Every structure is written in C-alpha cells, then in structure tokens.
Amino acid sequence: MSGSKPAPAPEAVSEREAAHGPELAPVHARVPGLPSERRRRRWGWPAVVGGALAVVGAMTLGAVLLPGKARERAAEPPVPPPLTWTVSSHLWKNGCGHTYLVERTPPPPPEAADARSWATARGAVHGGETLVRVSVQGKGAAAVVLQALHVRVVERDAPLPWAGYRMDDGCGGAVTPRRFEVDLDRPRPVARALDGYDASGQEGRTLPAVSFPYAVSLTEPEELLVSAATATCDCRWYLELEWSSEGRRGTVRIGDEDGRPFRTSGAKGRPLYGYDSVERAWITGGESGQGG
C-alpha cells in the first residue's frame with residue numbers, strides 16, 4: 001500500500017542463542033538466617049578490622065607484660081641461707097663399730113676412713129643404725145641462731161632381706177659424745193638431745209647436750225652428731241635445721257654427701273657376719289663369739 005512504512009527487519013540472532021536459547025539473568029536467592037548483601041557490605045570490613053585490632057592488642061599486651069614479669073622474677077633470685085654445712089654419714093661408733101647390710105658377700109672390711117667408698121661400691125646400707133655428723137657454721141661475722149633440728153622420713157619399706165656384715169669384732173671407747181638420738185620406727189621421729197660422757201681422765205665428766213637455740217658464726221662452728229636407729233623399716237630420711245639471723249628465718253634440708261636422703265634398714269633377725277683376719281674370711285657371729 002502506498003504511504004505505509006515498511007516493517008522493521010528482525011534482529012539478528014546469535015549462533016549461541018540459536019543453539020541454547022536466550023541467556024537468563026542470575027537470580028539471587030535469600031537464605032534465611034544470613035544477612036543481606038547490603039548488610040554484609042555494611043558490617044564486613046568493620047568486623048574484620050576490629051578483630052585484627054583485638055589480636056594485635058592482645059599480642060602487644062602479652063609482649064609488654066609477660067617479659068616484664070620474667071625479668072622481675074630473674075632479678076629477684078632466692079637469697080641463700082647465711083650458713084653452710086658439711087656432712088659425714090659413714091661414721092662408726094667409737095671409730096670401729098658398725099654394721100652394713102650387703103646383698104652379696106663383700107671383700108674384707110675397709111678402714112673407717114674408706115667406709116663411704118667401700119659401701120657405695122657395693123650398694124651397702126646402714127644396718128640398724130646410722131651415725132651422721134653435721135658441721136655447721138655461719139658465712140659471715142653475724143651470728144646465725146640454730147632454732148631446732150627435725151627429722152623427716154620420706155620413704156618407708158620393709159627391712160632389706162640382706163645379711164649384715166660387722167666392721168669389727170667388738171670395740172669400745174672412753175668418750176661417748178653428746179648427740180641427738182632418733183627412733184625412726186616412730187610415726188613422727190624426733191631428734192632428742194642427749195648428754196655425752198668423757199671417761200678418759202681420772203674423773204669422768206659429762207658433756208652437756210646441745211641446747212637450742214644455739215648460735216654459730218664463721219669463727220664459731222658447731223658439730224651436730226645424730227644417731228638414727230630402726231628395727232622395723234628400710235627408711236629414707238632427711239634432717240631439717242631451722243635457723244634465724246638478722247631478721248631472716250628459714251629451714252635447710254640436710255641429706256648425705258650427695259644430697260640424697262640418708263638410708264637406714266633394720267637388721268633384726270638377719271644373718272650377721274664378722275671378719276676373721278686370721279682366716280681371711282667372713283664368719284657368723286656365733287663362730288666369732290660375737291652375738292647379733
């Protein structure tokens with residue numbers, strides 16, 4: 001028809017649309033319980049920044065405080081006590097009388113001065129009694145007052161089933177030193193101070209027991225002799241010495257020469273041997289004429 005406009009040509013269809021149909025716009029589904037995209041955009045970055053700042057703050061606070069406390073502890077080491085001591089734990093009564101429990105037959109008895117090395121090499125244990133000498137003195141001119149001596153048993157077992165070996169065939173002495181006696185079989189052993197006695201002169205004299213409190217210093221040491229006995233246990237024990245000096249107080253724990261607890265085991269009912277120096281052999285107490 002004249003005067004009418006021609007119809008527009010149809011738009012070209014791409015090969016992809018022809019093959020797969022028209023592309024669809026993505027649909028964003030709303031999941032219940034999750035914030036909307038707009039809210040996530042609003043709170044996401046502030047939350048991340050806040051968490052990072054909290055972590056950095058905690059790390060900074062730890063770095064500032066903890067090393068400071070460590071330095072403070074390192075700057076204040078414990079003050080050592082104002083006294084020192086030495087220990088001899090293989091003494092023989094009157095220098096000759098002692099019994100060791102030994103698992104296997106030992107070599108001949110040593111001289112008293114070599115008792116510790118002899119006993120250590122064979123794992124020998126004091127049988128029935130342990131004699132300990134503690135020499136105490138101050139480190140300076142200031143007096144150190146010894147307030148009390150305590151005994152602490154740290155382990156109890158049945159007496160060892162080993163034979164006893166006497167270091168002598170009987171001996172005696174003119175002097176009985178003042179000492180502390182300890183009965184390890186008591187539930188709470190105590191150190192009882194006893195007088196000594198010197199019979200070496202024409203007239204005997206009493207050696208007064210150590211009486212606490214007792215002062216020592218660098219130039220005025222003191223020796224404490226302790227006799228600890230048991231019949232019913234294999235006991236490991238320490239001595240604990242209370243002290244005070246110039247406003248300070250404390251307690252030191254005293255063990256053997258290596259710092260370990262002393263050890264004493266009952267010997268009652270065990271085979272008992274003495275050494276026959278003529279036959280060069282260990283013989284029973286009955287054969288040697290010495291009872292147990």
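Residues numbered from 1 in each chain as written. Predicted model: local features only at pLDDT ≥ 70, side-chain atom pairs only at ≥ 80, totals over all residues. Heavy atoms only, no water.

This part covers the sheet that holds strand E4 (residues 129–138). In space, the five strands of this open sheet follow the order E1-E4-E13-E8-E9, with mixed pairing throughout. Looking at which strands have only one partner, the edges of the open sheet turn out to be strand E1 (83–88) and strand E9 (191–194). Averaged over all adjacent pairs, the angle separating strand axes in this sheet is 25°, with direction ignored. Pairing of E1 with E4 involves six bridges; the strand directions are antiparallel. Bridge pairing in E4 places Leu83 opposite Gly138. (Pairing = 2+ DSSP bridges. Helix = DSSP H or I, 4+ residues; strand = E, 2+ residues; numbered from the N terminus. Axes fitted to C-alpha atoms, helices over the stretch in contact; angles between N-to-C directions.)

Among the structural elements, Ala143 can be located in the loop between E4 and strand E5 (144–157). With relative accessibility at 43%, the residue Ala143 sits in the partly exposed group. Linking Ala143 and Glu220, residues 77 residues apart in sequence, is a C-alpha distance of 8.9 Å. Dropping the residues within four chain positions of it, Ala143 is found in contact with Val216, Ser217, Ser244 and Ser245. (Buried < 20%, exposed > 50% of the residue type's maximum accessible area, 1.4 Å probe, protein only. Contact = heavy atoms within 4.5 Å.)

This part takes up helix H3 (residues 115–122). Listed as buried for H3 are Ala115, Trp118 and Ala119. Looking down the long axis of H3, one finds its buried residues gathered within 90° of arc, a one-sided arrangement. Turned more than 90 degrees away from the buried face of H3, the exposed residues are Thr120 and Ala121. The elements touched by buried residues of H3 are strand E2 (99–102). Gly123 lies just past H3 and shows a positive phi near 65°. (Arc of directions from axis to C-beta.)

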